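Here's the letter readout for the chains.
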Amino acid sequence: MDSGNGEEVSGPIPLASISQQPYVSELLSFTLDRLHKEPELLRVDAERIQRQMQEVAVSNYRAFISGADALRQVREEVSAIDRHLESLIAEVPNLTNGCTEFVESAERILDKRKLNQILLANHSTLIDLLEIPQLMDTCIRNGNYDEALDLEAFVSKLSTMHPKNPVIQGLAIDVRQTTQSLLSQLLQKLQSNILLPECLRIIGYLRRIGVYNEYEMRLQFLRCREAWLTGILDELDQRNPYEYLKGIVTCYRANLFDVVNQYRAIFADDKSGSEENYDGGLLFSWSMHQISSHLGILKQMLPKITEGGSLSNILEQCMFCAVGLGGVGLDFRGLLPSLFEEAVLNLFSKNIAAAVENFQVVLDSHRWVPLPAVGFSAIGFGEDSREDVTPPPSLMEHPPLAVFVNGVSAALNELRPCAPISLRHILAQELVMGLRVVHDSLLQYNENRMLRQNEATLFFSLCRSFMEVVVPHCATCFGRCFSGGSALIMDGKGSFDGLARLLSVSISREIPKPRSNIEATSKLENGTSRIVENGVIHDVERKSKAALTDQEPRSDAVSSCADGKVEES
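Computed from a predicted structure; not experimentally measured.

Enquirer: Break down the side chain of Ser312 for me, citing the residues and quoting the values.
Expert: Inspection of the secondary structure puts Ser312 in helix 12 (residues 308-325). The exposure class assigned to Ser312 is buried, which follows from its relative accessible area of 11%. Beyond its immediate stretch of four places on either side in the chain, Ser312 contacts Pro417 and Cys418.

Here it is as structure tokens:
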């Protein structure tokens, strides 16, 4: 079959197409002649159709051009679509992953939203929980310890129920820090002046906190109470030793007794044998430490006491304190004598040394001039009057001896209020040693000084007064302090043989003086005495002295003659 351009159509025509079935059926109905004519007819129809097509193409070339352009564009677009489709296919796994992540993120957001909804529904309750540390701190500052401990117990229970909840665990940490503040405040209150009921409450709070076991609780209680006692002692003024010791004794007498009673009332010893409640000697050790500290302070401060009356008062108060503490088994009276004996010995030794030193100073500066005889009557030293210990008036004629007797009397006056019997021999030795120093000083003075005859006479008179008046008088005064003390002093008189030999030699060499050189005294109306010596008349002012007490040695008995001077008319 020929095509539209005259070319013959080659190849078999497929008859399987459904659109060609009618034509095939029509061919089968044709005659043979018609069948021979059919190819020509088909060729004619093809040419006709070809011409029509050409005409149509000519008349509609614009449409064909547009169609061609459109087809080209469609092909290009299809190619681009194909390329984009390939890239889309390559990105589909990423899209799938993104969708999966989105779903997961959405689920998380939904979970958070649910949590936020729950949080919003329980907002007020959560606020209350988060404010527990602040509320607990407020309770502590206001002293509401029961409420604060209730809050602490509640948070501890929550922490146990929700061990993995960070909010609850953070809340528990804050509460523990606040509990430490509560613990510090409770211990601070134990270091203040509180009574037994308050101590019981504080120990109850400490037990609820549960920081200490039973032994540590007892130890902490004693530490705090000791800090309180130390604070009281630190506030005392140490510049006045007497008042300081009085304050210490008063503090220990009242407060140590209270602390021991508080301890025994709070920590009653368990008789069941439980090691948790067993004291283990803690109270005893602490009490002994306090008593040792008290005795250490006494040992340190007693040497600073310069008055025997003050020592006696301190001893009485210490004895009273020991008797009071004896009610709780802390009687320490047996430890006091050694401390006070040492203090008394030191005080007496210093006073005797001061008396000897003053004697030496006055002796070195003494002018050997005759002094007037005492014009008032006095009981003689040799008379039988053992109760009278008034210093002999004759000592006024010898200022160095008067100063020394004043010093010895002052030392014995300080000794008398607090005179330990156990120190009788030692104190007697101290007094004898002081007398021996005076004795040796007089001997040395006689060896080192060149005295004229009248000065030597006065010096030997002083030495005789020392041996016959001062030593017996000191023995009598010492006997008033201690029974049998006079014999102890007089037994030591045998060591004063140097002056005894000197006086015996001076007596043997003494030459009687002419009557014109003997002192004559006449009483004038104006209260002065006139001394006639070697033909020269001297007007000397008579010294008057009030009568002294006859019950105890007084340091002011002969003080007025220490600086006595002779006035020439």
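Enquirer: Tell me about a nonpolar patch on the surface, residues and numbers included.
Expert: A cluster of nonpolar residues, Leu85, Leu88, Ile89 and Val92, forms a patch on the protein surface that exposes about 360 Å² of accessible area. Among the secondary structure elements, Val92 is positioned in helix 3 (residues 61-121).

Enquirer: Go over the pattern of salt bridges, please, and point to the residues and values.
Expert: Within this structure, the stated rule accounts for 14 salt bridges. Across the pair Glu38 and Arg34 runs a salt bridge, and its minimum N-O distance is 3.4 Å. On the criterion of helical spacing, the pair formed by Glu38 and Arg34 is a turn pair, its members being four residues apart in helix 2 (residues 32-59). One continuous salt-bridge network, built from bridges that share partners, spans Glu40, Arg43 and Glu47.

Enquirer: Hey, could you go over empty space enclosed by the protein for me, with residue numbers and the actual values?
Expert: All chains considered together, the criterion is met by two cavities of 30 Å³ or more. When its volume is computed, the second largest cavity comes out at roughly 50 Å³. Within the residue set of the lining of the second largest cavity, elements represented by two or more residues are helix 12, helix 13 (336-365) and helix 14 (399-415). A per-element tally of the lining of the second largest cavity places helix 13 first, with four residues. Split into classes, the residues belonging to the lining of the second largest cavity amount to seven nonpolar, two polar and one charged.

Enquirer: Any details on the side chain of Thr178? Residues and values, ideally.
Expert: You can see Thr178 is positioned in helix 7 (residues 166-190). Apart from the residues lying within four places of it in its own chain, the contact partners of Thr178 are Pro133, Met136, Asp137 and Ile140.

Enquirer: Provide a residue-level description of a negative patch on the surface, including the pertinent values.
Expert: Residues Glu101, Glu104, Glu107 and Asp111 make up a contiguous surface patch of negative charge. Tracing the backbone shows Asp111 in helix 3.

Enquirer: Mind laying out the environment of Val259, listing which residues take part and the relevant values?
Expert: The residue Val259 is located in helix 10 (residues 241-266) in this model. Judged by relative accessible area, Val259 falls into the buried class, the value being 0%. Sequence spacing of Val259 and Ser287 is 28 residues, and the spatial spacing of their C-alpha atoms is 9.7 Å. Excluding residues within four positions of it along the chain, Val259 makes contact with Phe221, Arg225, Trp228 and Trp286.

Enquirer: Residue-level account of the nonpolar core, with values.
Expert: Soluble, globular proteins show a tendency: their nonpolar side chains are buried together. The biggest cluster of nonpolar side chains holds 119 residues, and the ones touching the most others in it are Phe404, Leu435, Leu442 and Phe466. No other element matches the 15 residues that helix 16 (residues 453-481) contributes to this core. Here Leu442 is in contact with Phe359, Leu363, Phe459, Leu462, Cys463, Phe466 and Leu499, once residues within four sequence places are set aside.

Enquirer: Hey, could you go over helix 8 (residues 196-209) for me, with residue numbers and the actual values?
Expert: Residues three or four positions apart in an α-helix share a direction because the helix packs 3.6 residues into each turn. Helix length check: helix 8 (14 residues) gives 20 Å between terminal C-alpha atoms against 20 Å at 1.5 Å per residue, within 8%. Tucked into the core, helix 8 has its buried residues touching helix 6 (145-161), helix 7, helix 9 (214-234) and helix 10. In the stretch just after helix 8, Gly210 is the one whose phi turns positive, near 80°.

Enquirer: Give a detailed account of the packing of helix 5 (residues 132-141) against helix 7, specifying residues and quantitative values.
Expert: At a minimum axis separation of 9 Å, helix 5 and helix 7 run at an interaxial angle of 10°. Relative to helix 7, helix 5 is oriented roughly parallel. Taken together, the residues of helix 7 that come into contact with helix 5 (itself represented by Ile132, Pro133, Met136, Asp137 and Ile140) are Leu171, Asp174, Val175, Thr178, Thr179, Leu182 and Gln185. Its residues placed into classes, the contact of helix 5 with helix 7 shows seven nonpolar, three polar and two charged.

How each quantity is defined
- Residues numbered from 1 in each chain as written.
- Predicted model: local features only at pLDDT ≥ 70, side-chain atom pairs only at ≥ 80, totals over all residues.
- Heavy atoms only, no water.
- Helix = DSSP H or I, 4+ residues; strand = E, 2+ residues; numbered from the N terminus.
- Buried < 20%, exposed > 50% of the residue type's maximum accessible area, 1.4 Å probe, protein only.
- Contact = heavy atoms within 4.5 Å.
- Patch = residues over 30% accessible without salt bridge, like charges linked within 9 Å, V, L, I, M, F, W, Y side chains within 5 Å.
- Areas by Shrake-Rupley, 256 points an atom, 1.4 Å probe, with all protein chains shown as cover.
- Salt bridge = Lys/Arg side-chain N within 4 Å of Asp/Glu carboxyl O.
- 1 Å grid on protein atoms, 1.4 Å probe; cavity = no way out; pocket = protein on both sides within 12 Å on 5 of 7 lines; lining within 4 Å.
- Points joined across faces, edges and corners; volume = space filled by probe spheres on them.
- Nonpolar A, V, L, I, M, F, W, Y, C, P; charged D, E, K, R; others polar.
- Lys, Arg positive; Asp, Glu negative; His and termini not counted.
- Charge placed at Lys NZ, Arg CZ, Asp CG, Glu CD.
- Core = buried A, V, L, I, M, F, W, Y, C linked by side-chain atoms within 4.5 Å.
- Expected span 1.5 Å × (residues − 1).
- Axes fitted to C-alpha atoms, helices over the stretch in contact; angles between N-to-C directions.
- Parallel < 35°, antiparallel > 145°, perpendicular 65-115°, else oblique.

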